[in-house]
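# Geometric and topological summary
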Amino acid sequence: MRSMLITGGAGFIGANFVHYWLAHHPQDRVVVLDALTYAGNHASLRSLEVRDTFRFVHGNIRDQQLVERLLREERLDTIVHFAAESHVDRSILGPDAFIETNILGTHALLKAARQVWLEAGGSMPHHRFHHVSTDEVYGSLGIGGQSFTEITPYSPNSPYAASKAASDHLVRAYRQTYGLNTTLSNCSNNYGPYQFPEKLIPLCIINLLKQEPLPIYGDGKNIRDWLHVADHCRGIELILENGKPGCSYNIGGNNERTNLQVVSALCAIMDELNPEFAPHQRLVKFVTDRPGHDRRYAINSRKITSELGYRPTHEFMIGLRETIEWYINNKSWWQPILSGEYKDWMKLQYGEG
Ligand code: NAD
Ligand code: DAU
């Protein structure tokens with residue numbers, strides 16, 4: 001049995017992971033630490049609050065004392081670290097928060113883990129610090145270039161990617177220098193329920209539901225390797241169970257698509273669900289490209305497949321349809337997001353009212 005601290009558990013992947021973990025490991029204790037930034041949504045975890053194995057703590061990962069207190073008080077043996085500023089476009093307009101949370105925040109967590117698990121008499125020999133990172137640390141691939149492996153050199157291009165790369169290096173250093181029991185995963189673009197509607201897929205789903213433009217940066221030919229969030233959760237579970245300490249693992253979806261293909265697929269599904277508004281493709285609007293926009297990401301998942309038996313199971317078109325249906329059936333989750341900060345962001349980024 002594990003006692004886990006999940007940072008960023010009110011965010012997209014963190015919330016999916018908490019639901020996944022408690023469904024598959026109902027005996028385990030799960031404590032979520034989340035600052036509830038604009039991207040955090042407490043409502044994603046509400047249904048879990050009746051469980052006595054679950055606790056939500058509203059706080060910042062930069063608060064080392066708070067983290068140390070939680071690790072001691074709850075006798076936590078595992079940290080799964082999702083908390084981050086995660087949106088590339090926001091990192092371009094304002095990098096500071098990315099340095100503060102992704103670098104300094106990760107360092108505060110590492111310091112707390114070292115203090116409680118290693119320094120205080122080595123009281124927790126079977127601990128694990130799992131750091132959730134991204135394929136963006138590897139930089140951009142050309143069409144036909146070899147997909148990213150765990151030994152691809154880091155070459156981050158956005159402030160977001162650079163901050164994640166820095167945090168990965170800190171995790172590695174705490175393993176090498178202090179012997180902290182760490183693992184790391186670098187995954188590709190996730191999609192699924194509970195995703196904040198600033199990212200391509202949920203943004204387009206909501207704009208489709210509102211009959212508003214679907215903004216596509218540049219020529220729409222940038223490629224991402226789409227991974228269903230439940231497959232990502234399964235990959236992390238495999239690493240926690242059998243991953244080698246000190247190792248990193250790439251997790252991908254074997255599912256490369258151009259942005260235009262992704263948006264066209266969403267439009268086609270919406271044509272079936274909402275035929276009176278077809279064709280939805282008419283809503284596509286090409287807009288100014290993202291500065292420094294990485295052309296292509298592609299993950300080689302061979303290591304996690306051969307060592308740990310990982311295999312993505314979600315077929316993309318089915319996963320997309322289920323995701324659209326989730327947003328249709330959970331308007332009360334996303335409608336409150338659309339006012340206030342989100343409206344300001346949309347205006348700043350897309351120049352819309
Ligand atoms: P998200 O933006 O949806 O959620 C981030 C969560 O972290 C939010 O709940 C937010 O409130 C919380 N948070 C932010 N700053 C905090 C702080 N200082 N202290 C405590 N909590 C804080 O992010 P996501 O898309 O779920 O991504 C989760 C992790 O996975 C991130 O580390 C991200 O870099 C990584 N990742 C994401 C993707 C993707 O496609 N979304 C792909 C690869 C890797
Ligand atoms: O690859 C993993 C990364 O995937 C994660 O580390 C990041 O946290 C996550 O945000 C995501 O980054 P991307 O920049 O790839 O995701 P985003 O959804 O912002 O964009 C996906 C692609 O779609 C990208 O090529 C930019 C493009 N795009 C995005 C938006 C928001 C558009 O064309 N129009 C848009 O409005």
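Preceding block: the structure.
Residues numbered from 1 in each chain as written. Chains lettered and ligands numbered in written order. Predicted model: local features only at pLDDT ≥ 70, side-chain atom pairs only at ≥ 80, totals over all residues. Heavy atoms only, no water.

With that settled, consider the overall build of the protein chain. From N to C terminus, the protein chain includes twelve helices and 13 strands. Taken along the three principal axes of its C-alpha coordinates, the protein chain extends 65 × 45 × 40 Å. In the protein chain, buried positions account for 56% of the 353 residues. For the protein chain, the accessible area works out to roughly 14600 Å², and carbon and sulfur atoms hold 50% of it. Taking the average location of the 35 positive side-chain charges in the protein chain and that of its 38 negative ones, the two points are 3 Å from each other. (Helix = DSSP H or I, 4+ residues; strand = E, 2+ residues; numbered from the N terminus. Buried < 20%, exposed > 50% of the residue type's maximum accessible area, 1.4 Å probe, protein only. Areas by Shrake-Rupley, 256 points an atom, 1.4 Å probe, with all protein chains shown as cover. Lys, Arg positive; Asp, Glu negative; His and termini not counted. Charge placed at Lys NZ, Arg CZ, Asp CG, Glu CD.)

Below, the discussion takes up the pattern of salt bridges. Overall, the coordinates contain 17 salt bridges when judged by the stated rule. Here arginine 55 makes a salt bridge to glutamate 73, at a shortest N to O gap of 3.0 Å. With a gap of 18 residues between them, arginine 55 in strand β3 (residues 54-58) and glutamate 73 in helix α2 (residues 64-73) connect regions that are remote in the sequence. Between arginine 296 and glutamate 256 there is a salt bridge whose closest N-O contact spans 2.7 Å. Here arginine 296, found in the loop between β13 (284-287) and α9 (302-308), pairs with glutamate 256, found in strand β12 (residues 256-258); they are 40 residues apart in sequence, far enough to count as distant. What makes arginine 296 buried here is its relative accessible area of 7%. Put simply, Arg29, Arg55, Arg69, Glu73 and Glu74 are held in one network by salt bridges that share partners. (Salt bridge = Lys/Arg side-chain N within 4 Å of Asp/Glu carboxyl O.)

Attention now goes to helix α7 (residues 229-242). Given a rise of 1.5 Å per residue, 14 residues ought to cover 20 Å, and the 20 Å separating the end C-alpha atoms of α7 matches this to within 8%. Among all positions in α7, only Val229, Asp231, His232, Cys233, Gly235, Ile236, Glu237, Leu238, Ile239 and Leu240 are buried. (Expected span 1.5 Å × (residues − 1).)

Now for the environment of alanine 15. With respect to the helices, strands and loops of the structure, alanine 15 is situated in helix α1 (residues 12-24). The exposure class of alanine 15 is buried, given its relative accessible area of 0%. In this structure the C-alpha to C-alpha distance between alanine 15 and arginine 224, which are 209 residues apart in sequence, comes to 23 Å. Each residue touching alanine 15, except ones within four places of it in the same chain, is listed here: Gly9, Ser44 and Leu45. (Contact = heavy atoms within 4.5 Å.)

Over the atoms a probe the size of a water molecule is rolled, and this reveals where empty space is left. Overall, the coordinates contain two cavities of 30 Å³ or more when judged by the stated rule. Within this model, the largest cavity holds a volume of roughly 50 Å³. For the largest cavity, the full set of lining residues is Val88, Ile92, Glu136, Ser158, Arg224, Arg290, Pro291, Gly292, His293, Asp294 and Tyr297. Residue composition of the lining of the largest cavity, grouped by class: four nonpolar, three polar and four charged. Of the volumes computed, that of the second largest cavity is approximately 40 Å³. Contributing to the lining of the second largest cavity are Ala10, Gly11, Phe12, Ala39, Asn41, Tyr194, Phe196, Trp333 and Ile337. (1 Å grid on protein atoms, 1.4 Å probe; cavity = no way out; pocket = protein on both sides within 12 Å on 5 of 7 lines; lining within 4 Å. Points joined across faces, edges and corners; volume = space filled by probe spheres on them. Nonpolar A, V, L, I, M, F, W, Y, C, P; charged D, E, K, R; others polar.)

Turning to the site of ligand 2, a few remarks are in order. With respect to spatial proximity, 24 residues lie near ligand 2, and among them Thr134, Asp135, Tyr160, Arg290 and Tyr350 are the closest. Serine 86 is positioned such that a nitrogen or oxygen atom in its backbone is 2.7 Å from an oxygen atom of ligand 2. Contact between ligand 2 and arginine 224: an oxygen atom at 2.8 Å from a side-chain N or O atom of the residue. Protein chains shield 94% of the accessible area of ligand 2, which is 680 Å² for the free molecule. For the shell around ligand 2, the elements supplying multiple residues, two or more each, are α3 (88-93), α6 (200-210) and β8 (214-217). Top contributing element to the shell around ligand 2 by residue count: β8, with three residues. Residues belonging to the shell around ligand 2 are distributed by class as follows: nine nonpolar, eight polar and seven charged. (Near = heavy atom within 4 Å. Polar contact = N/O pair within 3.5 Å; in protein donor to acceptor, adjacent residues only side chain to side chain.)

This next bit is on the packing of aromatic side chains. Under the definition given, this model contains 16 aromatic pairs. Taking 5.6 Å as the distance between ring centres and 90 degrees as the angle between the ring planes, the aromatic pair formed by tyrosine 138 and tyrosine 154 counts as edge-to-face. In this pair, tyrosine 138 sits in the loop between β5 (128-134) and α5 (159-178) while tyrosine 154 sits in the loop between β5 and α5, placing the two residues 16 residues apart along the sequence. Relative accessible area serves as the criterion here: at 4%, tyrosine 138 is assigned to the buried category. (Phe/Tyr/Trp six-rings, centres within 6.5 Å; stacked < 30°, edge-to-face > 60°.)

What follows concerns the sheet that holds strand β1 (residues 3-7). Pairing in this open sheet of seven strands is parallel, and the strands run β3-β2-β1-β4-β5-β6-β11 from one edge to the other. The sheet terminates laterally at β3 and β11 (248-251), the two strands that pair on one side only. Within this sheet the neighbouring strands show an average axis-to-axis angle of 20 degrees, counted without direction. The pairing of strand β4 (residues 78-81) with β5 spans four bridges and is parallel. Pairing of histidine 81 across the sheet is with histidine 131, part of β5. Packing against the sheet, α2 makes contact with β1, β2 (29-34), β3 and β4, and its axis sits at approximately 165 degrees to β3. Lying over the sheet, α7 contacts β1, β4, β5, β6 (182-187) and β11, oriented at roughly 145 degrees with respect to β5. (Pairing = 2+ DSSP bridges. Axes fitted to C-alpha atoms, helices over the stretch in contact; angles between N-to-C directions.)

Where α1 meets α7, the axes come as close as 9 Å, and the angle between the chain directions of the two elements is 60 degrees. Our pair here, α1 against α7, has a crossing hand that is right-handed. Across from Phe12, Ile13, Asn16, Phe17, Tyr20, Trp21 and His24 in α1, the residues of α7 making contact are Val229, Ala230, His232, Cys233, Arg234, Ile236, Glu237 and Leu240. (Left-handed = near helix turned anticlockwise from the far one by under 90°.)

Note that every value here comes from positions in space, so none of it alone points to a role or purpose.
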